Amino acid sequence: MTPAGMCYVSTRGNAAPVTVSGAIADGLAPDGGLYVPESLPRVDPTGVDPDADLAAFAPRLLAPFFSGDRLAAALEAICAEAFTFPAPLRLLAGNEGRILELFYGPTAAFKDFGARFLAACLRRLPGPGGGPLTILVATSGDTGAAVAAAFHRLPGMRVCILYPEGRVSPRQAHLLGCFGENVQALGVAGGFDDCQRLVKRALGDAELRSCVALTSANSISLGRLLPQTVYFARAALQHRRARGAPLNAIVPTGNLGNALACNWARAAGFPIGRIHLACNANAVLPDFFAGAPYVPRPGTATLANAMDVGAPGNFERLRHASRDDAALRAAFGAGSVEDAAIRAVVRRRACTQGEIFCPHTATAVHELERLRAAGDETHWTVVATAHPAKFDDVIEPLIGRRIDVPSALAALLRRPAQNEPLAPDYAALRALLLAASSSSPALE
Ligand SMILES: *Cc1c(COP(=O)(O)O)cnc(C)c1O
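Conventions adopted
- Residues numbered from 1 in each chain as written.
- Predicted model: local features only at pLDDT ≥ 70, side-chain atom pairs only at ≥ 80, totals over all residues.
- Heavy atoms only, no water.
- Helix = DSSP H or I, 4+ residues; strand = E, 2+ residues; numbered from the N terminus.
- Contact = heavy atoms within 4.5 Å.
- Areas by Shrake-Rupley, 256 points an atom, 1.4 Å probe, with all protein chains shown as cover.
- Lys, Arg positive; Asp, Glu negative; His and termini not counted.
- Charge placed at Lys NZ, Arg CZ, Asp CG, Glu CD.
- Buried < 20%, exposed > 50% of the residue type's maximum accessible area, 1.4 Å probe, protein only.
- Near = heavy atom within 4 Å.
- Polar contact = N/O pair within 3.5 Å; in protein donor to acceptor, adjacent residues only side chain to side chain.
- Phe/Tyr/Trp six-rings, centres within 6.5 Å; stacked < 30°, edge-to-face > 60°.
- Lys NZ or Arg CZ within 6 Å of the ring centre and 35° of its normal.
- Pairing = 2+ DSSP bridges.
- Right-handed = clockwise from strand over helix to strand, strands pointing away.
- Axes fitted to C-alpha atoms, helices over the stretch in contact; angles between N-to-C directions.

A. Region of interest: the overall build of the chain. The number of helices and strands found in the chain is 18 helices and 13 strands. Each principal axis of the C-alpha atoms in the chain carries an extent, and together these give about 60 × 50 × 40 Å. The contacts of the chain with a sequence gap of at least 6 include a subset with a gap of at least 24, amounting to 75%. Surface summary for the chain: the accessible area is close to 16100 Å², and the carbon and sulfur share equals 52%. A distance of 2 Å separates the average location of the 42 positive side-chain charges in the chain from that of its 39 negative side-chain charges.

Written out as structure tokens, the structure reads:
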């Protein structure tokens with residue numbers, strides 16, 4: 001039966017349609033696909049105040065996505081809990097474009113928006129009854145910390161984070177392990193794609209799921225994607241007021257969640273023009289947008305580690321929206337940036353303009369410079385996805401000075417951390433999930 005209100009269907013077409021809380025509670029659709037809105041709603045932006053803070057702005061945009069759902073009545077409260085920090089749009093030094101800064105949350109990356117929104121939704125949904133709900137997360141660096149911070153000490157919730165051991169920055173690893181209590185940080189001997197594969201396997205394991213209540217918090221989760229539309233929509237209105245023109249965004253991209261959210265804000269009717277994906281040396285998306293077939297491949301380690309993704313999960317959502325490669329290629333531009341270029345951009349910008357970028361943001365700044373050099377005169381907005389202080393081990397030697405640490409981040413870095421190793425095989429993860437569910441009760 002099709003529910004009344006906004007319906008979400010699986011990209012693989014073999015799961016019953018659900019409303020938003022069903023999609024958020026499931027994480028992955030039962031047929032292994034990803035949930036997408038049956039059709040993207042149009043939101044009329046007239047009368048929406050671009051200066052309203054995000055918490056007040058968000059319900060206006062998100063209401064149609066929640067229509068017909070049990071969470072609709074709580075949407076304002078959910079937004080008030082999730083959007084507790086700003087996302088300023090400011091001029092870049094040198095006035096060559098703008099920068100949308102998304103790193104003012106507790107763990108200093110844009111992932112805080114999605115993680116907090118997801119937590120605010122999940123804690124309002126009925127629990128599994130009996131044991132805790134386990135949130136299983138694969139992280140290439142920043143997701144895990146944001147999810148840990150958002151779910152830490154939430155009653156009835158347990159968080160299990162899988163990250164590629166040795167491929168996250170020392171501060172990222174510390175942030176994963178510094179919460180403790182209901183948050184477990186597992187360093188996997190492998191890459192992000194191995195972590196993601198293990199998580200997907202567990203979520204698809206019906207027998208395991210009959211013993212352990214599981215959900216996911218990856219960027220494949222709708223509860224993370226939807227809130228990411230909000231800062232793009234608001235920035236687009238601010239940009240139109242300032243320049244009388246749509247916002248054109250260069251988005252540092254890995255699993256394709258943030259850029260997809262930008263695309264959804266555009267489809268919902270907000271003034272967003274071009275969307276350009278800045279990728280690191282993992283060039284599966286730039287190759288596709290340049291005309292090659294889409295071929296996922298193993299991820300390789302780069303300086304922009306939160307984008308070390310060889311099989312971008314959200315591509316399946318784009319593919320579902322259009323089977324036509326030409327239409328997809330018309331909707332996005334893309335470029336791949338090698339580590340040497342990331343280093344060069346970080347060093348040069350710090351030296352000439354005093355702007356310090358994290359390695360991910362630096363890929364977008366590099367793309368801005370490359371497009372300019374090729375004669376592109378678009379007024380671009382670079383999306384800044386993390387604070388450079390999270391990557392002090394990479395950035396400080398390049399710029400030759402210390403980076404000030406935001407106070408929330410500094411407080412987390414002072415806590416002791418307890419990370420544990422996990423073998424990259426499914427049996428080990430399964431045993432751990434089963435043991436954790438039977439031995440230690442959730443926090444009350
Ligand atoms: C996750 C992340 C990205 C990539 O975002 P996707 O939504 O996976 O494309 C870029 N930069 C930083 C700092 C991140 O943490």
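B. Main features of the side chain of His-387. Looking at the element boundaries, His-387 is found in the loop between strand S12 (380-384) and helix H16 (392-399). Using a relative accessible area of 14% as the deciding quantity, one classes His-387 as buried. If we skip the residues at most four places from it in the chain, His-387 touches Phe-103, Ala-108, Cys-358, Ile-403, Asp-404 and Pro-406.

C. Representation of the site of the ligand. What surrounds the ligand is a group of 15 residues, the closest being Lys-111, Asp-142, Gly-254, Asn-255 and Thr-385. Leu-256 is positioned with one of its backbone polar atoms (N or O) 2.9 Å from an oxygen atom of the ligand. Burial of the ligand by the protein amounts to 98% of the accessible area it has alone, namely 380 Å².

D. How the structure looks around the packing of aromatic side chains. Applying the stated criterion to the full structure yields 13 aromatic pairs. A ring pair is formed by Phe-66 and Phe-117, whose centres lie 6.0 Å apart and whose planes are at 80°; its orientation type is edge-to-face. Here Phe-117 lies in helix H4 (residues 111-122) and Phe-66 lies in the loop between helix H2 (54-62) and helix H3 (75-82), a separation of 51 residues in the sequence. Ring geometry for Phe-83 against Phe-113: centres 5.9 Å apart, planes inclined by 40°, an arrangement best described as tilted. Residue Phe-83 is located in the loop between H3 and strand S3 (89-91), and its partner Phe-113 is located in helix H4; the two are separated by 30 residues in the primary sequence. One exposure class covers both Phe-83 and Phe-113, and it is buried. Above the ring of Phe-332, the side-chain terminus of Arg-266 is found at 5.8 Å from the ring centroid. Residue placement shows Arg-329 over the ring face of Phe-288; its charged tip is 4.3 Å from the ring centre.

E. Here's a closer look at the side chain of Thr-361. Mapping Thr-361 onto the fold places it in helix H15 (residues 359-373). On the accessibility criterion, Thr-361 (1% relative accessible area) is buried.

F. Local environment of the pairing of strand S6 (residues 157-164). Counted residue by residue, S6 has eight buried out of eight residues, so it is predominantly covered. Two strands pair when backbone bridges link them, and strand S5 (residues 133-138) and S6 are joined in this way by six bridges, in the parallel orientation. Each bridged residue has a counterpart across the sheet, and for Leu-136 the counterpart in S6 is Cys-160. After leaving S5, the chain enters helix H5 (residues 142-151) and then returns to the sheet as S6, a path that is right-handed.

G. Just the sheet that holds strand S7 (residues 183-188), in detail. Across the sheet, five strands lie side by side as S8-S5-S6-S7-S13; this open sheet has parallel pairing. If you trace the sheet from one side to the other, it starts and ends with strand S8 (213-216) and strand S13 (419-422), each paired once. Strand-to-strand twist across the sheet, computed as the mean angle between neighbouring axes with direction ignored, equals 30°.

H. Spatial organisation of H2. Burial analysis of H2 places seven of its nine residues in the buried class, which makes it a mostly covered element. All buried positions along H2 are accounted for by Leu-54, Ala-55, Phe-57, Ala-58, Pro-59, Leu-61 and Leu-62. Buried positions along H2 lie against H3, H4 and helix H9 (222-243).

Coordinates in, geometry out; function isn't part of it.
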